[in-house]
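The chain contents come next:
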Amino acid sequence: MKLKGSQKIETERLFLMPQTIKEQKRLWEILMIDDVKKYYLTVPIKFKNKLIDWNLQEKYYKTKIEHANDKDVFCWSIFLKDTDKCIGQIDCHINIDNQSSIDVYDVGWYIDPLYQSMGYCTEAARAMLYYMFAECDIKKIITSAAVCNSSSWKVMEKLGFIREKKTRKVQYTFLDELTEVYIYTIDKERFLSFNF
Ligand SMILES: CC(C)(COP(=O)(O)OP(=O)(O)OC[C@H]1O[C@@H](n2cnc3c(N)ncnc32)[C@H](O)[C@@H]1OP(=O)(O)O)[C@@H](O)C(=O)NCCC(=O)NCCS
């Protein structure tokens, strides 16, 4: 693993930028849209009321930005090249459930609903994963997506992720009941041969 941090990445239509405080409120506003937060947030339910109040969140976002340029942080704000508008966030982070002897990573992404279904997440994810696998030399990603969240697992399948046979249950922050999720994995060799 080469610790290179969240360096700027350019794609055909997007810039993935290391995060700054400037766009954090906009990202929070996107995240708080029901259809965005529902199958994304897994922070403990006790934080639910704090999450929906910007005055309580601002401090957390400021602390997050203090670490935005750390070499072990891989989290980008997604901007449209032509309008410079921030439309979402994408990240790759150590998977804390990891039992393996190699470092295994997880991914997360969300896009403003006004800009969904235009291929932006797939474009951003392909570029981020290339950076993580080819330049930072990570070996493997294990991630998950709610069975009913097909827009997210379709992105994974378009990028070559393999769905495991078993599902598991996850407690999402804003849902009362446990939700069934698919588990997806991909390693460096498969990602590079599938996409390039
Ligand atoms: C998941 C998410 C980031 C995808 O972003 P996006 O920019 O719309 O993704 P893309 O356009 O690259 O691809 C989405 C795919 O899902 C499809 N899709 C979109 N909405 C769909 C729906 N309601 N049902 C089924 N498929 C859907 C799109 O058609 C596209 O597939 P295609 O290329 O075969 O046509 C976005 O839906 C989102 O922000 N969701 C809320 C947050 C979230 O759930 N994050 C993931 C947690 S695992």
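For the structure given in this document, a descriptive report is provided here. (Residues numbered from 1 in each chain as written. Predicted model: local features only at pLDDT ≥ 70, side-chain atom pairs only at ≥ 80, totals over all residues. Heavy atoms only, no water.)

### Topic: the sheet that holds strand β1 (residues 9-10)
Inference 1: The strand order across the open sheet formed by eight strands is β1-β2-β3-β4-β5-β6-β8-β7, and the pairing between neighbours is mixed. One side of each edge strand has no neighbouring strand; the edge strands of this open sheet are β1 and β7 (162-170).
Inference 2: The strands touched by helix α5 (residues 120-135) within the sheet are β1, β2 (14-18), β3 (75-80), β4 (86-94), β5 (104-111), β6 (140-146) and β8 (179-187), with β4 carrying the most contacts at an inclination of about 35 degrees.
Inference 3: Contacts from helix α6 (residues 150-158) reach β5, β6, β7 and β8 within the one sheet, and its direction differs from that of β6 by about 150 degrees. (Pairing = 2+ DSSP bridges. Helix = DSSP H or I, 4+ residues; strand = E, 2+ residues; numbered from the N terminus. Contact = heavy atoms within 4.5 Å. Axes fitted to C-alpha atoms, helices over the stretch in contact; angles between N-to-C directions.)

### What about the pairing of β2?
Residues in a regular strand point their side chains to alternate faces of the sheet.
Inference 1: As judged from the two bridges shared by β1 and β2, these two strands associate in the antiparallel manner. Within β2, the residue paired with glutamate 10 across the bridge is phenylalanine 15.
Inference 2: Once β1 ends, the chain turns through three residues before running back antiparallel as β2.
Inference 3: Two strands pair when backbone bridges link them, and β2 and β3 are joined in this way by five bridges, in the antiparallel orientation.

### A look at the side chain of serine 77
Inference 1: By the element assignment, serine 77 lies in strand β3.
Inference 2: Relative accessible area serves as the criterion here: at 0%, serine 77 is assigned to the buried category.
Inference 3: A polar contact of 2.9 Å, which involves the side chain of serine 77, links it to the side chain of glutamine 19.
Inference 4: Those residues in contact with serine 77 that sit more than four places away from it in its chain are Phe15, Leu16, Met17, Gln19, Glu23, Gln24, Leu27, Cys86 and Gly88. (Buried < 20%, exposed > 50% of the residue type's maximum accessible area, 1.4 Å probe, protein only. Polar contact = N/O pair within 3.5 Å; in protein donor to acceptor, adjacent residues only side chain to side chain.)

### Focus on unusual backbone geometry
Inference 1: Even without glycine at this site, serine 117 takes up a positive phi of about 65 degrees.
Inference 2: In this structure, serine 117 sits in the loop between β5 and α5.
Inference 3: Even without being a glycine, aspartate 137 presents a positive backbone phi close to 60 degrees.
Inference 4: Counting through the fold element by element, aspartate 137 comes out in the loop between α5 and β6.

### Description of the packing of aromatic side chains
Inference 1: Enumeration over the complete set of coordinates arrives at 11 aromatic pairs.
Inference 2: The interplanar angle of 80 degrees and the centroid separation of 5.8 Å between the aromatic rings of tyrosine 39 and tyrosine 172 together place this pair among those described as edge-to-face. In this pair, tyrosine 39 is assigned in the loop between α2 (34-37) and α3 (48-51) and tyrosine 172 in the loop between β7 and β8, connecting sequence segments 133 residues apart.
Inference 3: On the accessibility criterion, tyrosine 39 (23% relative accessible area) is partly exposed.
Inference 4: In this structure tyrosine 172 comes out as buried when scored by relative accessible area, which is 4%.
Inference 5: Each ring, one from tryptophan 153 and one from tyrosine 182, has its centre 5.7 Å from the other, and the planes form 80 degrees; the classification is edge-to-face. Here tyrosine 182 lies in strand β8 and tryptophan 153 lies in helix α6, a separation of 29 residues in the sequence. Across the pair, tyrosine 182 and tryptophan 153 agree in class, each one buried. (Phe/Tyr/Trp six-rings, centres within 6.5 Å; stacked < 30°, edge-to-face > 60°.)

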